[in-house]
Amino acid sequence: MTKCKIKGQGLLLRPLVQEDLPWIVKWSQDGEINLLTDGGYPESMEEAGEWFEGLSANRQARAMMICLLDGTPIGNLELAEISWRTGEAEVRIRIGEREFWDRGWGAESLYLLFEIAFSRMRLQSLYLRVYAFNKRAIRCYSKVGFRPRGRICYGPRGEEERELFLMTIQKKRYLRLKQSA
């Protein structure tokens, strides 16, 4: 897990701890959130314990909670598949509390994550995958500096084809955007 903790204008990113698991499970049981994020999170407390242990022992992952300044969790994010050699990592983010959707918290969370990833962890590039139908997320990612890099179409046999966009942001781009802000 990351030891990094960072405070923004309205949010705090802090390391995920075992006491956060009920939040993770709650958000994982929301069908719409799972549709937008493609699941991958534990849906029961039993699964959550194993998931947390695996995540805690994984040198290629860092998990954080997105909290309001009063400490109330509203979402979580991860740096996954960290390649320390190449300086790349995948970003996974979700705002789990629906009442906080469309308020700019995703963008602020990502700006804080950039500070951790690019300045403290010295990564060089971040990427993410997002479903083409998730327009809200695509707007957020574009707003903070992610750029489209490619697309993947897939679908299990007999099911509707799904389209994923791959988006990236390089450290150089982040630093230019930060300077011009």
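What this report covers is the structure whose coordinates are included nearby. The model shown is predicted, which means the values in this text are computed figures rather than measured ones.

With respect to the helices and strands, Lys 5 occurs in the segment before strand 1 (6-7). Overall, the relative accessible area of 52% leaves Lys 5 in the exposed class. For the pair Lys 5 and Met 64, spaced 59 residues apart in sequence, the C-alpha separation works out to 8.7 Å. Excluding residues within four positions of it along the chain, Lys 5 makes contact with Leu 12, Leu 13, Arg 14 and Arg 120.

Closest axis-to-axis distance for the helix 4 (residues 105-120)/helix 6 (residues 171-180) pair is 11 Å, and the angle between their directions is 125°. Looking at the two axes, helix 4 sits oblique to helix 6. Crossing hand, helix 4 versus helix 6: left-handed. Residues Phe 114, Glu 115 and Phe 118 of helix 4 pack against Lys 171, Tyr 174 and Lys 178 of helix 6.

The biggest cluster of nonpolar side chains holds 56 residues, and the ones touching the most others in it are Leu 13, Leu 79, Leu 110, Phe 114, Leu 126, Tyr 141 and Phe 146. When near neighbours in sequence (up to four residues on either side) are disregarded, Leu 13 contacts Cys 4, Lys 5, Ile 6, Met 64, Met 65, Ile 66, Leu 77, Ser 109, Leu 112, Leu 113 and Ile 116.

Here the structure, examined in full by the defined rule, presents 10 salt bridges. For Arg 14, the salt bridge is made with Asp 20, and the minimal N-O distance between the two is 2.7 Å. Of the two residues, Arg 14 and Asp 20, both sit in the buried class. Among the salt bridges present, the one from Asp 102 reaches Arg 136, with a minimum N-O distance of 3.0 Å.

Our next topic: the side chain of Thr 168. In this structure, Thr 168 sits in strand 8 (residues 162-170). Beyond its immediate stretch of four places on either side in the chain, Thr 168 contacts Leu 126, Tyr 127, Gly 145, Phe 146, Arg 147 and Arg 149.

Within the chain, Glu 81 stands out as a residue other than glycine whose phi angle is a positive 50°. With respect to the helices, strands and loops of the structure, Glu 81 is situated in strand 4 (residues 73-83). Located in the positive-phi region is Asp 102, a residue other than glycine, with phi close to 60°.

Relative orientation of the contacting elements helix 4 and helix 5 (residues 135-144) amounts to 40°, with a least axis distance of 9 Å. Comparing the axis directions of helix 4 and helix 5 gives the class oblique. Two packed elements cross with a definite hand, and for helix 4 against helix 5 that hand is right-handed. Together, Gly 106, Ala 107, Leu 110, Tyr 111 and Phe 114 of helix 4 and Cys 140, Tyr 141, Lys 143 and Val 144 of helix 5 make up the contact between the two elements. By residue class, the composition of the contact of helix 4 with helix 5 is 7 nonpolar, 1 polar and 1 charged.

All right, on to the pairing of strand 5 (residues 88-95) then. Within strand 5, 6 of the 8 residues are buried, which leaves it mostly tucked inside the rest of the structure. As defined by bridge partners, strand 4 adjoins strand 5 across 7 bridges and the pair is classed as antiparallel. What sits directly across from Gly 75, in strand 5, is Ile 95. Between strand 4 and strand 5, which follow one another and run antiparallel, lie 4 residues, and Gly 87 among them has a positive phi close to 75°. Here strand 5 pairs with strand 6 (residues 125-131) via 3 bridges, running parallel. Each residue of the ladder has a partner; that of Glu 88, found in strand 6, is Ser 125. Tracing the backbone out of strand 5, into helix 4 and back to the parallel element strand 6 gives a crossover that is right-handed.

Definitions and cut-offs
- Residues numbered from 1 in each chain as written.
- Predicted model: local features only at pLDDT ≥ 70, side-chain atom pairs only at ≥ 80, totals over all residues.
- Heavy atoms only, no water.
- Helix = DSSP H or I, 4+ residues; strand = E, 2+ residues; numbered from the N terminus.
- Buried < 20%, exposed > 50% of the residue type's maximum accessible area, 1.4 Å probe, protein only.
- Contact = heavy atoms within 4.5 Å.
- Axes fitted to C-alpha atoms, helices over the stretch in contact; angles between N-to-C directions.
- Parallel < 35°, antiparallel > 145°, perpendicular 65-115°, else oblique.
- Left-handed = near helix turned anticlockwise from the far one by under 90°.
- Core = buried A, V, L, I, M, F, W, Y, C linked by side-chain atoms within 4.5 Å.
- Salt bridge = Lys/Arg side-chain N within 4 Å of Asp/Glu carboxyl O.
- Nonpolar A, V, L, I, M, F, W, Y, C, P; charged D, E, K, R; others polar.
- Pairing = 2+ DSSP bridges.
- Right-handed = clockwise from strand over helix to strand, strands pointing away.

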